[in-house]
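# Per-entry structural report
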Amino acid sequence: MIKANYIIIVISLMLGSFSDGHKLPEANFLFPMDIAPSVSGSFAELRSNHFHSGIDLSTQGKIGIPVKSMDVGKVSRIKISSVGYGNAIYIAHPNGYTTVYGHLDKYAPRIDSIITAQQYKNQTFEIDYFPVETIAVSRGEIIAYSGNTGSSGGPHLHYEIRDTKTEEPLNPFPFQDIIKDDVRPKLLTIRLYPLDEGSTINGTATAKNFEVVFYDGAYHLKGNPKIYASGKVGVGIEMLDYMTGSWKKCGVNRLNMKVDGVDYFGWRLDRFSFDESRYINSHVDYAYKANYGKRFERCYQQPGNHLGIYEPTVNDGIISMDSSKTVDIQAADASKNVSNLQFVLLQDKNASATNKTNTSKLSYSSDHLLQNKQLRCFIPKGALYDDANISLATKTDLKNGVIYQIGDKDVPLHKNIRISLLIPEQFNIWKDKICLASIDKSGKKEFAGGQIIRDSLVLYTRSFDDYTLTFDTVVPTITAHQNIRGRVFRSNSVFTFTIDDDFSGINSFNGYLNDKWTLFEYDAKTKKLTCPLAKAPIKNGGKYQLKMIVKDNCGNETTLESYFTVES
């Protein structure tokens, strides 16, 4: 156990991390758990469609570790969800910060009774409650217990420190002195991109990767290759970070790229806005990640990327090969461990433009409407990060029938596009069971959804994909884990069920005891639905009729009924 562990913010470390108007007050925080810290996820680590907004602390595979309030404050929000943070609690502190604790197993009794009352009042398991009453907490008070709820991939505590005014998450690392890190970021691969019709890398118009190795205290391109480039060129880098004593892959805190000694491009991830987090799909090479599983972070900024982490740049980080260039990249973690890489781009004076195309690209800065006889696709201004080739096509597949190819799967979308498909007459017999499904690489259908508006099925989505019109008429399933019918149970028993759906997914569930709405708790990743009788409207010696109703996203419904007695 760690005794009286304190987290002291050192203001001198923070002043350089924030732009004017974001200077934050001092804080003196406790560490949230009394166990030796092991980081399994770092702040601003690259995730699917978002930056990680806090630090993940391993709980050594255990559930139920006490979680403490890091300072005096009051509960500002309690959110319960079957996905995301699962059971989460937010505490606003007088010093201008809010701390957030996620994936909790349960709340401390005082807090649990308040949120349970709200769940019954609103007759819903999932709830986002902003207390109107004052729920004061003291420094070091146990507010909850660690768990594995929501979209957690295993038992751990996710915790955040936010600027209360802006709600922006801040890097918690400089607020503490317990988590140690003396390991420099690891640079893995450089990727060079030809960015216009006159650009080449080593004589071709395709992007190329160059492996990176470490020796003599710095990183170098493996084999010291000669690289010839022409036109406008962009640099991408694959990298990661480790912390002392851990092999968990974490994210890098900041990057700076110099070209011929001039600061050309850079970013710091000490804070970000949730509204901007999806710009990660432009910050990284989205297509390469989708096809090869590796993330290259761009050292240049696409025109439709308005992420606020970037420092002043030259030409948005795009290198014009009007002469040979020396490129220096410096990457650092939150503990200021630094890695350096230098390489030279030689001007290719003999290169010819080999990547000219006759296709016209859609502008990222305009609205677009693409349509044919069956299909309309509206792409709003700002949905694309850069100009892109986008088209509609239709083909027939023996397995899935007619497939509508909408855009390119490798092109990310920042905003929803609107897809409107005229419903063929033969589908009208299924009425509200009709939906769109995307087709994965193996040809398997995945539910996408849609809403019938007059004679069309309309879908708002942030994914270009191959879609097909289909339907779902199969009801969900409910499987009880114990025999309930006619049995006698203690008042602290817990009923457990598995609820599942073969295609469109679970949309809603409701449980009743003697026709009174009763709290059932749901974990989407395990498909487990539990009814803790300790939170149910029951009395000892009472007899109860149980009813559970589960619906999927196409309106198919299943009902399970049983009965039991609570022992006297």
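In case you missed it, the structure is sitting above this.
Here's what I pulled together on the structure shown here. (Residues numbered from 1 in each chain as written. Predicted model: local features only at pLDDT ≥ 70, side-chain atom pairs only at ≥ 80, totals over all residues. Heavy atoms only, no water.)

For the protein, the helix and strand inventory stands at four helices and 46 strands. On C-alpha atoms alone, the protein measures out to a radius of gyration of 27 Å, which is about the 24 Å that the 2.2 N^0.38 rule sets for 568 residues. Projected onto the principal axes, the alpha-carbon positions of the protein cover approximately 90 × 70 × 40 Å. Taking contacts inside the protein between residues at least 6 apart in sequence as the whole, the part at least 24 apart equals 68%. Taken as a whole, the protein presents about 26,600 Å² of accessible surface, with 48% of it coming from carbon and sulfur. One finds the centroid of the 65 positive side-chain charges in the protein at a distance of 3 Å from the centroid of its 62 negative side-chain charges. (Helix = DSSP H or I, 4+ residues; strand = E, 2+ residues; numbered from the N terminus. Rg over C-alpha atoms; globule rule 2.2 N^0.38 Å. Contact = heavy atoms within 4.5 Å. Areas by Shrake-Rupley, 256 points an atom, 1.4 Å probe, with all protein chains shown as cover. Lys, Arg positive; Asp, Glu negative; His and termini not counted. Charge placed at Lys NZ, Arg CZ, Asp CG, Glu CD.)

A complete count under the given rule lists zero disulfides for this structure. The closest cysteine sulfur to the non-disulfide-bonded Cys250 is located on Cys299, 20 Å from its own sulfur. On the basis of relative accessibility, which here comes to 5%, the residue Cys250 falls in the buried class. (Disulfide = S-S within 2.5 Å. Buried < 20%, exposed > 50% of the residue type's maximum accessible area, 1.4 Å probe, protein only.)

Another aspect to go through is the pairing of strand β32 (residues 412-422). Where strand β29 (residues 375-379) and β32 come together, four bridges link them in antiparallel fashion. Bridge pairing links Cys377 to Ile419 in β32. When β32 meets strand β36 (residues 456-463), the two strands line up antiparallel, connected through seven bridges. Bridge assignment links Ile419 to a residue of β36, and that residue is Leu459. (Pairing = 2+ DSSP bridges.)

Another point: the side chain of Arg254. Looking at the element boundaries, Arg254 is found in strand β22 (residues 254-259). One buried charged side chain, Arg254, makes no salt bridge at all; its nearest oppositely charged neighbour is Asp333, positioned 6.3 Å away. Once you skip the residues sitting within four places of it in the chain, Arg254 turns out to touch Trp267, Arg268, Gln330, Ala331, Ala332, Asp333 and Lys336. (Salt bridge = Lys/Arg side-chain N within 4 Å of Asp/Glu carboxyl O.)

Quick look at helix α2 (residues 109-122) now. The first and last C-alpha atoms of α2 sit 20 Å apart over 14 residues, in line with the 20 Å expected at 1.5 Å per residue. When α2 is considered as a whole, its buried residues turn out to be Ile111, Asp112, Ile114, Ile115, Thr116, Gln118 and Gln119. Buried-residue contacts for α2 involve β8 (73-80), β9 (87-92), β10 (97-107), β11 (127-129), β13 (142-146) and β42 (516-518). Just past α2, the residue Gln123 takes up positive phi, approximately 50 degrees. (Expected span 1.5 Å × (residues − 1).)

Here the focus is the sheet that holds strand β33 (residues 434-439). Taking strand neighbours across the sheet as the criterion, the five strands line up as β30-β31-β37-β33-β34 in an open arrangement whose pairing is antiparallel. Every other strand in the sheet has two partners, leaving β30 (392-397) and β34 (445-449) as the edge strands with one partner each. Across the sheet, the mean angle from the axis of one strand to that of its neighbour is 35 degrees, orientation sign disregarded. Of the strand pairs in this sheet, β33 and strand β37 (residues 465-471) are connected by five bridges, and their pairing is antiparallel. Residue pairing across strands places Ala437 opposite Thr468, the latter belonging to β37. (Axes fitted to C-alpha atoms, helices over the stretch in contact; angles between N-to-C directions.)

Another point: the sheet that holds strand β44 (residues 528-532). The sheet built from four strands is open, its strands ordered β38-β40-β44-β43 with antiparallel pairing. Two strands lie at the open edges of the sheet, namely β38 (477-480) and β43 (521-523), each paired on one side alone. Across the sheet, the axes of successive neighbouring strands diverge by a mean angle of 25 degrees, strand direction being ignored.

Here the focus is the packing of aromatic side chains. If you walk through the whole model with that rule in mind, you get 25 aromatic pairs. Through pairs of rings, three or more aromatic residues link up here, namely Phe43, Phe51, Phe272 and Phe274. Its guanidinium or amino end placed over the ring of Tyr90, Arg77 lies 4.7 Å from that ring's centre, counting from NZ or CZ. Positioned over the ring face of Tyr193 is Arg298, at 5.9 Å from the centre of the ring. (Phe/Tyr/Trp six-rings, centres within 6.5 Å; stacked < 30°, edge-to-face > 60°. Lys NZ or Arg CZ within 6 Å of the ring centre and 35° of its normal.)

This part is about the pairing of strand β27 (residues 338-347). By the bridge criterion, three bridges tie strand β20 (residues 227-230) to β27 in an arrangement that is parallel. Paired with Tyr228 across the strands is Leu346, a residue of β27. Looking at chain direction, strand β26 (residues 325-332) and β27 are connected through eight bridges and run antiparallel. Looking at the pairing, Asp328 lines up with Gln342 of β27. Once β26 ends, the chain turns through five residues before running back antiparallel as β27, passing Lys336 with a positive phi of about 70 degrees.

With respect to the element layout, Pro476 can be found in the loop between β37 and β38. Of the residues examined, Pro476 reaches a relative accessible area of 2% and is grouped as buried. Sequence separation of Pro476 and Ser504 is 28 residues, and the distance between their C-alpha atoms is 9.4 Å.

Let us now look at unusual backbone geometry. In the Ramachandran plot, Asp216 falls in the positive-phi region, its phi being about 55 degrees despite a non-glycine side chain. In this model, Lys527 sits at a positive phi of 65 degrees, which is unusual for a non-glycine residue. Inspection of the secondary structure assignment puts Lys527 in the loop between β43 and β44. With a relative accessible area of 33%, Lys527 lands in the partly exposed category.

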